[in-house]
Each structure stands twice: as C-alpha cells, then as structure tokens.
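Coordinate analysis (summary)
Residue-level listing of the chains:
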Amino acid sequence: MSAPNPTPERDVILKTVGITKRFGAVVALRGIDMELRRGEVLGLVGDNGAGKSTFVKILTGFHPPDAGKIYLEGKEVSFNSVSDARRHGIETVYQDLALVPQLTVTQNLFLNRELTSLGRMGWLSNRKMRRLAREYLQGIKVNVPDIDAEAESLSGGQRQAIAVARATRQNAKILLLDEPLAAMGARESALIVDLVKDLAQNQGMSMIVIDHNYAHLFELCDRVNIIQQGRVAYDRSVNDTSLEDLTELMVSEYRRQLLEGQTQLDK
Amino acid sequence: MAQASLTTPAAPAPPHRAERGLSASTLIRTIVQRREATVVAVTLGVIIYFGIASSAFFTTANIITIAQYIAAIAVIGAGEVLILVLAEIDLSAGQVYLTSPWFMYLLWHAGMPLGWAIALTLVFCIIIGLINGVVTVWLNVPSLIVTLGMTYALFGLVLVESNAIQVNTPGATGRFGWAFGIGSWSTILWALGILTIGWVILKRTRFGLHITATGGNLLGAAEAGVPVRRIKVYCFMIISLASGFIGILDAIRIQSMNPGNTGLDIVLPGIVAAVVGGTALTGGRGTIVGTAIGAIFLGVLEDGFNLIGVSANWFYLAEGVVILIAMVANTQLTSLAARLRR
C-alpha cells in the first residue's frame, strides 16, 4: 500500500464550500466541503437520508443550495437548472435510463446533437455520424458488435458503456455516475470498471460515483467521501483504507447514533 | 490496462453484410427480418386468393375501386404511425377527415373562392391538431380521451352547421376537380405523395428521429434535451392536416357530404392498417411502408368479399376474423424474426 499523498498542487476541477440545504424543518445538508481533482474518480457513500442524493441534485442543478459555493475550474458557478449544469460540463449518467431502446448505437450516441444538412430541414447525415461514432468508440476502447444495432439488443454493460460514451463525447468535464455497476454480472462490471479507469487516466475525465456497494466503490474510485448527517464525515484515499475500515467507520457511526438516541430516550 | 472490450473474447467479429453470400437461406433470413415482411406475405395471400376466386378482381375498374378506397386509410394510417410511435393515439383523425370538407363548404357557401376556402380549412385542421396536442401534453389528459372528445365535438359541429341535411360538394368540375379527387387515380396519387413525405420525415430527418426517441424513451429523450412536448404537438397537427386534406379530396370525389357519417368508422381502419403493417401500439416503432401495405390488405379484403358476394350480414364477421388471423400471424412471425436476428 502506498502512502496517502493527495498532492495539493494537483488541479482541482470541482470544489464545494459549505453547501447547505434544508427542506422545511428538515436540514438535509449542514455544510458540505468537497474537492474533485482532474482525472480523479471520487466515490460518495452515505446512508439513506445522509444527504448524499440531495448533494448530487445540487451538483446537477436540480436543487439550488441554500448557502455555500460551487467552484468549477476555480471559478464560482451556480446552476439554475439541469440543462444549465450540463452546459457547464456536468453530465449525469443514470442507470439504463439514458438510451432509447429502439434507436441504434450511433443514433443514441448523437441523440439531440445529430449532424444534419439542408439547414432547417434537418436532413440526417447518417454516414458521417456512423463513421464518427465508430472512431469515437474505438478511441475510448468501447467495442460494440455492431454500430447499427438497436440499443435494445445490447447487454446491460454495453448500454451503460454507450451512455457513458455519449456523456463524454458531448464535452462533459465531470461525469456523475449513479450506481454504474448495479444489476451487472462480474464480466460486465469489469468492462465498466475498465472504461471508467481508462477515461480517468487517459482522457483526464473527472467522475463522481454514487454507490451503496463498498466493493464497487473500491474497484472504481481513487478516493471516497463518507457523508453522514449532511456533512463529509470522512475523506479517505482508497489506497490507505480497506473495505473493513470503511465498513467499520459506517458501523461505528450507527452505533454512536443508536447510543445517542438511547440517551435521549433516557432523559 | 485491459481493453474495455465489450464483445465476448471468443466471438469473432460478425462478417460484413456485403461479404455474405446471397444464398437462399440468407435471402429468406433478410426477408423475414424486415418488419414489413409478414404483412406483405399476408396481403399477397389475400390478393392471390381473390384473384383466383373472382375473375373481376384483376380488372382496371376494380383496381381503381380499391385504390380509391384505400387512399384515405393509408393517409390516416400514416398519420397514426407518427402518433403511435409517440405512444399516443388520435381517434379524431377520421372526424377531421369528415369535418374539413364541411368547413370548406361553409366558407365557399358564404362566398369565399374555393381555393381560399380550402386553404383556410387546412389551417382549421392544423388548429384542431394543435388543440389535441396541447390538451394531451400540457393538461395531461390521455390522448385517447382528448381525441374521442374532439371526435364527438366535431361530429356535433357538423350536425349543427348542416342542420343534418346532406349537400353536394363544390369543386367537382373541370381540371381542378379532376386533380382534386375526380380523376380515377387522383386520390391515390395524392396519398402516395403524402406517404412518401411521411416516410422521409420519419426515416431521414432529425424531427423523425426525435419522434422515435420521444416514443421509445420519453424521459431519456427529454433528458437529452429533445423537446418532447413540442414534438408531440407537431405530430397531432400533422395528422390533422393530412386527414383534413384527404377528406376534402374524397368529398370532391364522392361529390356529396352526409353529416351522419361518423369519424370512428374512418379512423379505426387507419389504425388497423398501421398496426397490421407492423407499428407497435406501445410506442417507439412504426413503419409507413407497412401501413401502406396494411391499407392495401384492408382494401383488398373489403373489395374481395364484395366481389365473391359475401352477404352483408357475414361481412364484418369475416373481416374481423381475417384481421385477427393476420395479426396473430404477424406477431408470431415477428417473434420468429427476432429469434433469427440473435
């Protein structure tokens, strides 16, 4: 195991400072400070209700934060909507949701960014799109049996890979992956793990992975943030943490909460 | 770093299409895999049957009869393809088909030149589609109910405005009349033109691709930024325009308009043509070519039963049974094709 050395000079692409959010009487986030570096895969874990999904929805522009700041490549930004966040280069890949089953790999890859001719007529330049799709997928080492195959005929892993490929092709700077390995067999998982690692290491893509499964996080991520009670409770590099340590951190938190609840009941 | 190869390691790359030999089995494979293949087979079957059963079948006069009968079914069916691909339905297209010549008639009767009356009527049809679309999309009412309501409303409008009295259609004279319905092949040629435009839109344009995307994965398409609501509204406008236009042609051809005709009798064969032709009711999949062949199938069936003298009492029973058999054959052959594709 190499020593933990999160080099500070390494380029921080996304940084949040003191993000808070409350829904009525419920305080969801109590000040989240997070840093994502360029080419890094950061895992977010946390119990249901810990604030993980609220935080992600703030990053994708779905909710505005009550307070706190978001810095993208050093500049302060705020997102008014999901498409606004996307315009800034933050793309979310949802499990299986993204692709249209009846469209081909190429058509899905270019969806709503089709190449056309004849101006407003919108005549599709199919040949050109197919060539670019083939080149692009080869470039990021995603092999599909047939670029003209309908998404429906692909395996779950292939569909996920195409969804990731589409997001990266559309100039995403940061990918948010929501349980990217859910409902996937071992071989399929390996494909996605390889794709994610390759994108991070060779293309410099920065990614945030949200997952309940610690084993998946260890496979995919460089660093893990544990969110508890609306804060980042622990920030660990996967190199100096073991799966057991992570589990222990989570369990000890439950234990503490249980005891706290007990003492409150005793009063 | 291992390559993110998504093919199984042992599987060789599938041979390129052009490299495959054209043996009989690959030919059969290719034909069966076409979505329109089954309806073509079924339609050829009924054509051959009626051709043998009746000597009057393969006469020019009879083929014109069939062509005139199927023009409206094909056009309305093609419009329904766009709507069905969106996973919606438009039951009002038939009533729009019946109402639009009435609108034209009323404008003409009030003193407007016929050309202007037709142009204004087509605008009126587009507005009906706009209402269908807006109520469906923005007020979240199922399109089945919206367009059924529209059907009754338009039917009522015709009865009120006509005082339930039949009239003769204007415009059935001269070169104009010949081009707009009177000429033997006029309506079917217009229909072919409209179907070609529909096919081009669906297959070759960005708009058509977005129709499929909207119907295939509404949320995913919206996520990708496809304006799904606007696309739905546009399609309701397109089907209304096409139905209203072919309605004017048929009214001129028949030369009279009966306010008692009901639109559901017109739209349902169109929907059957689309579905028999291979368009899914669940959205995402549709074929204009299949719909055209589905319309031919219905036309040949109707005409053939008449020729061989099936009594009127038996007619609908026979037609219903044949449609059901054709649909069963269709779904069975489609699942066979899906298995061959793997």
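Data block above holds the structure.
Quick look at the structure, then. Counting restarts for each chain: residues are numbered from 1 in the order of the written sequence. Following the order in which they are written, the chains are lettered starting with A and the ligands numbered starting with 1. Given that this is a predicted model, residues contribute local features only at a pLDDT of at least 70 and side-chain atom pairs are listed and counted only at 80 or more, while totals for whole chains, interfaces and linings are drawn from all residues. Note that the side-chain values use all heavy atoms of the structure and ignore hydrogens as well as water.

1. What to know about empty space enclosed by the protein
Residue and element names in this part refer to chain A. Here the term cavity refers to a set of points on a 1 Å grid, laid over the protein atoms alone, in which a 1.4 Å probe fits but cannot get out; the term pocket refers to an open set having protein on both sides within 12 Å along at least five of seven lines, with lining residues being those that place an atom within 4 Å of a point. Grid points are joined across faces, edges and corners, and a volume is the space filled by probe spheres set on the points. Evaluation of the coordinates by the stated rule reveals three cavities of 30 Å³ or more. Of the voids in this model, the largest cavity is the one considered here, and its volume is about 160 Å³. Contributing to the lining of the largest cavity are 14 residues, with Arg86, Glu91, Thr92, Ala98 and Arg166 lying nearest its centre. Only DSSP runs of H or I with at least four residues qualify as helices, and only runs of E with at least two residues qualify as strands; both kinds are numbered from the N terminus onward. Those elements that place two or more of their residues in the lining of the largest cavity are β6 (90-93) and α5 (156-169). Here the residues of the lining of the largest cavity sort into seven nonpolar, two polar and five charged. Under this grouping Gly is polar, as are all residues other than the nonpolar Ala, Val, Leu, Ile, Met, Phe, Trp, Tyr, Cys and Pro and the charged Asp, Glu, Lys and Arg.

2. Quick notes on the interface of chain B and chain A
One frequently used descriptor of interface size is the decrease in accessible area upon assembly of the parts. The criterion used for residue contact is that any of the two residues' heavy atoms lie within 4.5 Å. At the junction of the two partners, chain B supplies 32 residues and chain A supplies 38 residues. Each of two parts loses accessible area, computed with a 1.4 Å probe, when they are put together; buried area is these two losses added. For the pair chain B and chain A, the two sides together bury roughly 3000 Å², of which 55% comes from carbon and sulfur. Put simply, a salt bridge is a Lys or Arg side-chain nitrogen that is within 4 Å of an Asp or Glu carboxyl oxygen. Linking chain B with chain A are four salt bridges. For Arg206 of chain B, the salt bridge identified is with Glu114 of chain A, shortest N-O distance 2.8 Å. Pairing of N or O atoms within 3.5 Å defines a polar contact, subject to two protein rules: one partner must be a possible hydrogen donor and the other a possible acceptor, and residues neighboring in sequence count only if both atoms are side-chain atoms. Linking chain B with chain A are eleven residue pairs in polar contact (both at pLDDT 80 or more). Secondary-structure elements contributing two or more residues to the side of chain B that touches chain A are α8 (186-204), α9 (206-216) and α10 (218-223) of chain B. A per-element tally of the side of chain B that touches chain A places α9 of chain B first, with six residues. Tallied by class, residues from the side of chain B that touches chain A come to twelve nonpolar, 13 polar and seven charged.

3. Let's talk about the packing of α8 of chain B against α9 of chain B
Residue and element names in this part refer to chain B. Interaxial distance between α8 and α9 falls to 5 Å at its minimum, and their mutual angle equals 70°. Here α9 runs roughly perpendicular to α8, going by the angle between their axes. Counting all contacts with α8, which are made through Ile201, Leu202 and Arg204, the residues of α9 involved are Arg206, Phe207, Gly208, Leu209, Ile211 and Thr212. Here the residues of the contact of α8 with α9 sort into five nonpolar, two polar and two charged. Helix axes are fitted to C-alpha atoms over the stretch in contact, other axes to C-alpha atoms as well, and angles between N-to-C directions run from 0 to 180 degrees. Any angle from 65 to 115 degrees is called roughly perpendicular, while one under 35 is roughly parallel, one over 145 is roughly antiparallel, and all others are oblique.

4. Thoughts on the packing of aromatic side chains
The rule is short: rings of Phe, Tyr and Trp, with Trp giving its six-membered ring, pair when the centres are within 6.5 Å, and they are stacked under 30 degrees, edge-to-face over 60, tilted in between. Taken as a whole and assessed by the stated rule, the structure comprises twelve aromatic pairs over all chains. Seen in terms of ring centroids, Phe180 of chain B and Phe245 of chain B are 6.4 Å apart; in terms of plane orientation they differ by 80°. Their pairing is edge-to-face. Linking Phe180 of chain B in helix α7 (residues 174-182) with Phe245 of chain B in helix α11 (residues 228-254), this pair joins segments that are 65 residues apart in sequence. Each residue gets one of three labels from its accessible area relative to the maximum for its type: buried under 20%, exposed over 50%, partly exposed in between, using a 1.4 Å probe on protein chains only. The class for Phe180 of chain B is buried, based on a relative accessible area of 18%. A ring pair is formed by Phe207 of chain B and Tyr234 of chain B, whose centres lie 6.2 Å apart and whose planes are at 55°; its orientation type is tilted. Of this pair, Phe207 of chain B sits in helix α9 while Tyr234 of chain B is found in helix α11, placing the two residues 27 residues apart along the sequence. Put simply, the rings of Tyr49, Phe50, Phe57, Phe58 and Phe305 of chain B pair up and form one aromatic cluster. Taking NZ or CZ as reference, Arg169 of chain A lies 4.2 Å from the ring centre of Phe110 of chain A, over its face. Consider the ring centre and the ring normal. A charge sits over the ring if Lys NZ or Arg CZ is within 6 Å of that centre and within 35 degrees of that normal.

5. So, the layout of surface pockets
All names here are of chain B. For the second largest pocket, the calculated volume is near 760 Å³. Residue lining of the second largest pocket: 32 residues in total, with Tyr69, Tyr97, Asp265, Ile266 and Pro269 positioned closest to the centre. Among the elements that make up the lining of the second largest pocket, the one with the highest residue count is helix α12 (residues 264-276) (six residues).

6. Thoughts on the environment of Thr116 of chain A
Considering the arrangement of structural elements, one finds Thr116 of chain A in strand β7 (residues 116-117). Note on Thr116 of chain A: relative accessible area 33%, which makes it partly exposed. Note: C-alpha distance between Thr116 of chain A and Met129 of chain A (13 residues apart in sequence) is 9.3 Å. If sequence neighbours within four positions are ignored, Thr116 of chain A has contacts with Gly122, Trp123, Leu124 and Ser125 of chain A together with Arg206 of chain B.

7. Let's talk about the nonpolar core
If you look at the biggest cluster of nonpolar residues, it comprises 122 residues, and the most contacted ones within it are Leu137, Ile162, Leu175 and Met207 of chain A. When residues of this core are assigned to their parent elements, the largest contribution, 15 residues, is made by helix α3 (residues 60-85) of chain B. Apart from residues no more than four positions distant in its own chain, Met207 of chain A is found in contact with Leu36, Glu40, Val41, Leu42, Leu175, Leu177, Val196, Leu199 and Ala200 of chain A. In this text, buried Ala, Val, Leu, Ile, Met, Phe, Trp, Tyr and Cys residues form a nonpolar core when linked through side-chain atoms within 4.5 Å. Grouped together as the second largest cluster of nonpolar side chains are 26 residues, Phe55, Ile70, Val77 and Ile227 of chain A included.

8. Quick notes on the sheet that holds strand β12 (residues 231-237) of chain A
All names here are of chain A. A pair of strands is labelled paired if DSSP reports no fewer than 2 bridges between them. An order of β6-β9-β10-β3-β11-β12 is seen for the six strands of this open sheet, with the pairing classed as mixed. Two strands in the sheet have a free side with no partner beyond their single neighbour: β6 and β12. The sheet shows a mean angle of 20° between the axes of neighbouring strands, taken without regard to direction. Relative to strand β10 (residues 206-210), strand β9 (residues 174-178) runs parallel, the two sharing five bridges.

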